[in-house]
Amino acid sequence: FQYHQFQVVGRGLPTETDEQPKIYRMKLWATNEVRAKSKFWYYLRKLKKVKKSNGQMLAINEIFEKNPTTIKNYGIWLRYQSRTGYHNMYKEYRDTTLNGAIEQMYTEMASRHRVRHHCIQVIKTATIPAKLCKRESTKQFHNSKIKFPLVFKKVRPPTRKLKTTYKASRPNLFV
Amino acid sequence: PFKRYVEIGRIALVNYGKDYGKLVVIVDVIDQNRALVDAPDMVRGQMNFKRLTLTDIKIDIKRVPNKKTLIAAMEAADVKNKWENSSWGRKLIVQKKRASLNDFDRFKIMLAKIKKAGVVRQELAKLKKEATA
């Protein structure tokens, strides 16, 4: 599924002692607005003495990628819970949009470390210029004359309707 | 052993999905499985290599050119004509034409086939006569 980035703004409800409570804004990733609001209250509870029952949501807007047609290197700092404790991590991804990079991060954490979505907290994200990338797996694509062959060709029918269980002859898998 | 490489400027044919049958230019490589792909009539976007089949045609462009330079480079390398004259391109054109025939066209083709077979058989009869004579 797609992860969307939301900007959520909220504050505690005004009381007699505090007429103008401080307004807090957070940038979040969630699959939909409802989940984003819920995550906002989760984080705010951990930072301030306010809950959804004595707070109000002021605004929630989706943030879209400015340049989805250019490739960027994203660095993501996260905090995740493993079976033994909490750890911090820094991961790099090459993608066209930040939401795509976050989706890559979630799937990679699930596959490499068996960490599910609710155990991951994104601390910070940034677009990294190519010189400052730390991981070899992203740096190997920083080549303006990149060239490699596609070694294995999988023969696919062009639509799922044309799929058959049995084929008349063995397909040719070379390139 | 390998003749067709994924490189910037390689022309590929889309073989799955919404843009099926289009010729696109690989404009940049995102990572091992995806490329930034561009064509004169579509917005620049990413595509998985599984959806592309590489062709022999390659044009000379720098990494991620803007639309104008891309169209100019495609004109300079004459991609359209090279593709339509290549055997692969011609086969695809014939396939498309066959799929879009109406009944009258099929009738015309039947007559043309009969005529062609008649001419071939006449030549064959002539050769046979010379062989036995």
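Since the model is a prediction, treat every value here as computed from it, not as a measurement.

Quick look at the overall build of chain A
Point 1. Looking only at helices and strands, chain A features three helices and seven strands.
Point 2. What you see in chain A, going N to C, is helices and strands ordered as β-β-α-β-β-β-α-β-α-β.
Point 3. Radius of gyration (C-alpha) of chain A: 22 Å, far over the 16 Å computed for a compact globule of 175 residues.
Point 4. Counting only C-alpha atoms, chain A reaches 80 × 45 × 40 Å along its principal axes.
Point 5. Burial statistics for chain A: of 175 residues in total, 33% are counted as buried.
Point 6. The contacts of chain A with a sequence gap of at least 6 include a subset with a gap of at least 24, amounting to 58%.
Point 7. A total accessible area of about 12,300 Å² is found for chain A, and carbon and sulfur atoms account for 52% of it.
Point 8. Seen as two clouds, the 37 positive and the 11 negative side-chain charges of chain A have centres 11 Å apart.

Digging into a nonpolar patch on the surface
Residue and element names in this part refer to chain B.
Point 1. Residues Phe104, Phe107, Met110, Leu111 and Ile114 make up a contiguous nonpolar surface patch of roughly 520 Å² in combined accessible area.
Point 2. Within the element layout of this structure, Leu111 appears in helix α4 (residues 103-132).
Point 3. Classification of Leu111 as partly exposed rests on a relative accessible area of 43%.

Some points on helix α2 (residues 98-113) of chain A
Side chains that are three or four residues apart share a direction in an α-helix, a result of its 3.6 residues per turn.
Residues and elements named next belong to chain A.
Point 1. The terminal C-alpha atoms of α2 lie 22 Å apart, and with 16 residues this matches the ideal 22 Å at 1.5 Å per residue to within 8%.
Point 2. When we look at burial in α2, the residues that qualify are Leu98, Asn99, Gly100, Ala101, Ile102, Met105, Tyr106, Glu108 and Met109.
Point 3. Buried residues along α2 sit in contact with β1 (4-12), β2 (23-30), β3 (55-63), β4 (72-81), β5 (86-95) and β6 (120-128).
Point 4. Downstream of α2 by one or two residues, Arg114 has phi in the positive range, about 60°.

What to know about the side chain of Asp38(B)
Residue and element names in this part refer to chain B.
Point 1. Among the secondary structure elements, Asp38 is positioned in strand β4 (residues 34-39).
Point 2. Asp38 sits in the buried class, given a relative accessible area of 1%.
Point 3. Filtering out sequence-adjacent residues up to four positions away, Asp38 remains in contact with Val24, Val25, Val27, Val43, Arg44, Lys67 and Leu70.

Re the UniProt feature "domain: Large ribosomal subunit protein eL14" (unreviewed entry) in chain B
Point 1. With numbering matched to this structure, UniProt assigns "domain: Large ribosomal subunit protein eL14" (unreviewed entry) to residues 44-116 of chain B.
Point 2. Between the C-alpha atoms that bound residues 44-116 of chain B there is a distance of 47 Å. The span itself is 62% helix and 16% strand.

Let's talk about the packing of aromatic side chains
Two aromatic rings, taken as a pair, are described by how far apart their centres are and by the angle between their planes.
Point 1. In the structure shown here, the tally under the stated rule is seven aromatic pairs over all chains.
Point 2. Ring plane angle 85° and centroid distance 5.8 Å describe the contact between Phe148(A) and Phe49(B), whose orientation is recorded as edge-to-face. Here the residue Phe148(A) occupies a position in strand β7 (residues 147-149), and Phe49(B) occupies one in the loop between β5 (42-48) and β6 (52-58), the pair thus bridging two chains.
Point 3. On the basis of relative accessible area, Phe49(B) is assigned to the buried category, the value being 6%.
Point 4. The ring of Tyr42(A) has Lys39(A) lying over it, and the distance from NZ or CZ to the ring centre is 4.6 Å.
Point 5. Between the NZ or CZ atom of Arg79(A) and the centre of the ring of Tyr86(A), over which it lies, the distance is 4.3 Å.

Focus: the interface of chain B and chain A
By a widespread convention, an interface's size corresponds to the accessible area lost as its parts come together.
Point 1. The interface is formed by 26 residues belonging to chain B together with 21 residues belonging to chain A.
Point 2. With both chains or domains summed, chain B and chain A bury close to 2,200 Å², and 65% of this area falls on carbon and sulfur atoms.
Point 3. Linking chain B with chain A are one salt bridge.
Point 4. Of the charged contacts in the structure, one is a salt bridge between Asp95(A) and Arg34(B), with a shortest N-O distance of 3.5 Å.
Point 5. Inspection of the chain B/chain A interface yields six residue pairs in polar contact (both at pLDDT 80 or more).
Point 6. Where the side of chain B that touches chain A is concerned, the elements lending two or more residues are β1 (5-7), β3 (23-29), β4 and β5 of chain B.
Point 7. Of the pairings in the sheet, the one linking β7(A) to β1(B) comprises three bridges and is antiparallel in character. Following the sheet pairing, Pro149(A) is matched in β1(B) by Tyr5(B).

Things to note about the environment of Gly10(A)
Point 1. Within the secondary structure layout, Gly10(A) lies in strand β1.
Point 2. Placed 142 residues apart in sequence, Gly10(A) and Phe152(A) show a C-alpha to C-alpha distance of 52 Å.

Overview of the sheet that holds β6(A)
Residues and elements named next belong to chain A.
Point 1. On the basis of which strands lie adjacent, the open sheet formed by three strands has the order β5-β4-β6 and antiparallel pairing. Looking at which strands have only one partner, the edges of the open sheet turn out to be β5 and β6. Sheet twist, expressed as the mean angle between neighbouring strand axes with direction ignored, is 20°.
Point 2. Two strands pair when backbone bridges link them, and β4 and β5 are joined in this way by 10 bridges, in the antiparallel orientation.

Quick notes on the nonpolar core
Point 1. Counting residues in each nonpolar core, the largest one holds 18 residues, and the members touching the most others are Phe148(A), Val6(B), Val24(B), Ile26(B), Val37(B), Phe49(B) and Leu52(B).
Point 2. Those elements that provide at least two residues to this core are β2 (10-14), β3, β4, β5 and β6 of chain B.
Point 3. Judged by nonpolar contacts, the second largest core, of 17 residues, contains Tyr3(A), Tyr74(A), Met109(A) and Val115(A).

The rules behind the values
- Residues numbered from 1 in each chain as written.
- Chains lettered and ligands numbered in written order.
- Predicted model: local features only at pLDDT ≥ 70, side-chain atom pairs only at ≥ 80, totals over all residues.
- Heavy atoms only, no water.
- Helix = DSSP H or I, 4+ residues; strand = E, 2+ residues; numbered from the N terminus.
- Rg over C-alpha atoms; globule rule 2.2 N^0.38 Å.
- Buried < 20%, exposed > 50% of the residue type's maximum accessible area, 1.4 Å probe, protein only.
- Contact = heavy atoms within 4.5 Å.
- Areas by Shrake-Rupley, 256 points an atom, 1.4 Å probe, with all protein chains shown as cover.
- Lys, Arg positive; Asp, Glu negative; His and termini not counted.
- Charge placed at Lys NZ, Arg CZ, Asp CG, Glu CD.
- Patch = residues over 30% accessible without salt bridge, like charges linked within 9 Å, V, L, I, M, F, W, Y side chains within 5 Å.
- Salt bridge = Lys/Arg side-chain N within 4 Å of Asp/Glu carboxyl O.
- Expected span 1.5 Å × (residues − 1).
- UniProt positions renumbered as here; feature names shortened; annotations may be inferred.
- Phe/Tyr/Trp six-rings, centres within 6.5 Å; stacked < 30°, edge-to-face > 60°.
- Lys NZ or Arg CZ within 6 Å of the ring centre and 35° of its normal.
- Buried area = accessible area lost by both parts, 1.4 Å probe.
- Polar contact = N/O pair within 3.5 Å; in protein donor to acceptor, adjacent residues only side chain to side chain.
- Pairing = 2+ DSSP bridges.
- Axes fitted to C-alpha atoms, helices over the stretch in contact; angles between N-to-C directions.
- Core = buried A, V, L, I, M, F, W, Y, C linked by side-chain atoms within 4.5 Å.

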